[in-house]
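Single-letter residue listing:
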Amino acid sequence: MNTRNPKPQCRRPRPLATLALAGLLGTQGAFADILYVGDSGDNTVKRFDAGTGAFLDADNDDTNNPDAFVRSGSGGLDGPRGLLFDGHLLVANQNVGDKIPGEILRFDGQTGTLLGALVPSSDKSAPFAPRGIVRTAARVLYVANLTTANGTSQGDVRTYDANGKLIDRLDAAGFPNNDYHPRAVVQGPDNLLYVTVRDLKKDGLGGHVLRFTPEGKFVDVFIADEGGIDRLNRPEGLVFGPDGRLYVTSFRASPDDTDSIRIYDDGGALLDKIDLYQTGETRVFSQALLFGPEGRLFVPVINPAEATGAVRRYDVAAKTFEVFADTPLREPWYLTFGTTNPATLAYGQ
């Protein structure tokens, strides 16, 4: 099977008209939809118009930069990861570089004001390194927890009720502990929970996608890859497209490889991939991805050489993209739309 693809073509969006934002900032209903992006470069959450990509949080006041919906000082954001919007904004805060556990924070959906922690870092059940999150219609929150302590200890997937009380820790019985470091989660069309995991080996090669029942019972290894050039490496973000296929972010194996989005069928077989650049071009990589309006794939990318970031909008059939939003993004990770389904991550459902 040929998994090579033509060079992704980039075009800039049409120039954005100046928006009359007075009185509209913080109001979800003022736009068709809003895109929320967690930026680890300055530990903020920023908002963009979901149709045009216009930045919605500029206030023209240099004394309180960086401009953002949730600022770095609000709730002590230090490594924003998974995002969900269900009237309020839920943020998995990893507390990167700190010795304390991570937490799940709640912010007012209109103002971005901290409402408190659904799962505070002081809670003995707090995830040490939370990454992707989803929340079911029954209000059960699933949190991919990369590791349970500093170092290389195994991770888990933790579930919490609507009040932030721990329900369970999902372990993969029989799966190697050294490889069980969950990064992201999504509820699939089959109602199973899909989880990307990686090992913490120095070479960073390979990765898996595991499946669990909604009740937390380990089902199987859906995708297993030893990794290497043109293979799956350190998978994180995963989402099902409108076409029913599973899209997974993958890192390069070496400078001779490329970071990419890998595409799988409902049996876990690789169908295709979209390279984020071609060998020899400036490297960018992605930690997460999400489908949005008009069935387009939204991919936040980071340019490590220039310490800049952007959100690309892909036509997956043509493998072309446009830069949907960039300034003032620095290190965009996870993202959500106001109408993203909190469990399946499907758009507008």
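Everything below is about the structure printed above this text.
The present account deals with the structure reproduced in this document. (Residues numbered from 1 in each chain as written. Predicted model: local features only at pLDDT ≥ 70, side-chain atom pairs only at ≥ 80, totals over all residues. Heavy atoms only, no water.)

1. Describing the pattern of salt bridges
Our working rule: In the sections that follow, a salt bridge refers to a side-chain nitrogen of Lys or Arg positioned within 4 Å of a carboxyl oxygen of Asp or Glu. Working definition: with a 1.4 Å probe on protein chains only, accessible area under 20% of the residue-type maximum means buried, over 50% means exposed, and in between means partly exposed.
Going through the model one piece at a time under the given rule, you end up with 20 salt bridges. For Arg245, the salt bridge identified is with Asp243, shortest N-O distance 2.9 Å. Classification of Arg245 by relative accessible area gives partly exposed; the value is 25%. Judged by relative accessible area, which is 38%, Asp243 ranks as partly exposed. The network of salt bridges with common partners includes Asp39, Asp42 and Lys46.

2. Some words on the side chain of Gln187
Definition in use: What counts as a helix is a DSSP run of H or I of at least four residues, what counts as a strand is a run of E of at least two, and both are numbered from the N terminus. Polar contact is the term for a pair of N or O atoms within 3.5 Å; when the atoms are in protein, one must be able to donate a hydrogen and the other to accept it, and sequence-neighboring residues count only if both atoms are side-chain atoms. We call two residues in contact when some of their heavy atoms are within 4.5 Å.
Within the fold, Gln187 resides in strand β12 (residues 181-187). Reaching out from Gln187, the side chain makes a polar contact with the side chain of Asn191 at a distance of 3.4 Å. The contact partners of Gln187, leaving out residues within four places of it in the chain, are Thr136, Leu192, Leu193, Ala343 and Thr344.

3. Remarks on the environment of Tyr347
The residue Tyr347 is located in the segment after β24 (332-337) in this model. In this structure, the C-alpha to C-alpha distance between Tyr347 and Pro293, residues 54 residues apart in sequence, is 7.0 Å. Leave out the neighbours within four places in its chain, and Tyr347 touches Asp33, Phe291, Gly292, Pro293, Phe337, Thr339 and Thr340. Looking at Tyr347, its side chain comes within polar contact range of the side chain of Asp33, at 2.8 Å.

4. Concerning the environment of Leu276
As for its position among the elements, Leu276 is in the loop between β19 (270-275) and β20 (290-291). Considering only alpha carbons, one finds Leu276 and Lys319, 43 residues apart in sequence, at a separation of 9.7 Å.

5. Thoughts on the pairing of strand β6 (residues 103-107)
Test applied: Should DSSP find at least two bridges between two strands, the strands are taken to pair.
Burial analysis of β6 places four of its five residues in the buried class, which makes it a mostly covered element. Of the strand pairs in this sheet, strand β5 (residues 89-93) and β6 are connected by five bridges, and their pairing is antiparallel. Within β6, the residue paired with Ala92 across the bridge is Ile104. Two elements, β6 and strand β7 (residues 114-119), share four bridges in a ladder whose sense is antiparallel. Opposite Ile104, over in β7, you have Val119 as the bridge partner. Between β6 and β7, which pair antiparallel one after the other, the connecting turn spans six residues, and Gly112 there sits at a positive phi close to 80°.

6. Thoughts on the sheet that holds strand β10 (residues 156-160)
The condition is simple: All axes are obtained by fitting lines to C-alpha atoms, using only the stretch in contact for helices, and the reported angles, taken between N-to-C directions, cover 0 to 180 degrees.
An order of β8-β9-β10-β11 is seen for the four strands of this open sheet, with the pairing classed as antiparallel. Edge positions in the sheet fall to β8 (130-135) and β11 (166-170), since each of these pairs with one other strand and no more. Averaged over all neighbouring strand pairs, the angle between strand axes comes to 20°, with direction disregarded.

7. So, the packing of aromatic side chains
Note the cut-off: In this scheme Phe, Tyr and Trp rings, the latter by its six-membered ring, pair at centre separations within 6.5 Å, and the angle between planes marks the pair as stacked below 30 degrees, edge-to-face above 60, and tilted otherwise. We call a charge positioned over a ring when the NZ of a Lys or the CZ of an Arg lies within 6 Å of the ring centre and within 35 degrees of the ring normal.
A complete count under the given rule lists 13 aromatic pairs for this structure. Note on Tyr194 and Phe240: the rings are 5.0 Å apart at their centroids and 80° apart in plane angle, and the pair reads as edge-to-face. Residue Tyr194 is found in strand β13 (residues 193-198), and its partner Phe240 is found in strand β16 (residues 238-240); the two are separated by 46 residues along the sequence. The pair formed by Tyr194 and Phe240 is uniform in burial state, with each residue classed as buried. Considering the side-chain rings of Phe337 and Tyr347, the 5.2 Å spacing of their centres and the 80° angle between planes classify their relative orientation as edge-to-face. Separated by ten residues along the polypeptide, Phe337 in strand β24 and Tyr347 in the segment after β24 bring together distant segments of the chain. By relative accessible area, which is 0% here, Phe337 ends up buried. Look at Tyr347 and you get partly exposed, because its relative accessible area is 26%. Through successive ring pairs, a cluster of aromatic residues spans Phe298, Phe324, Phe337 and Tyr347. Over the ring of Trp333 we find Arg81, and its NZ or CZ is 3.6 Å from the ring centre.

8. Side note on the sheet that holds β7
Sheet strands line up and pair through hydrogen bonds in the backbone, either parallel or antiparallel. The four strands are arranged β4-β5-β6-β7 in an open sheet whose pairing can be described as antiparallel. The two strands at the open ends of the sheet, each matched to only one other strand, are β4 (80-85) and β7. Each strand of the sheet is rotated relative to its neighbour by a mean of 25°, with strand direction disregarded.

9. Focus: unusual backbone geometry
Geometrically, the link from Asn65 to Pro66 is a cis peptide bond, its omega value of 5° lying close to zero. For the peptide bond that leads from Thr327 to Pro328, omega is 5°, which places it in the cis range. Note that Pro328 resides in the loop between β23 (320-325) and β24. Located in the positive-phi region is Asn95, a residue other than glycine, with phi close to 55°. On the secondary structure map, Asn95 appears in the loop between β5 and β6. For Arg139, which is not glycine, the phi dihedral falls at a positive 70°.

Function cannot be inferred from these measures alone, as they are strictly geometric.
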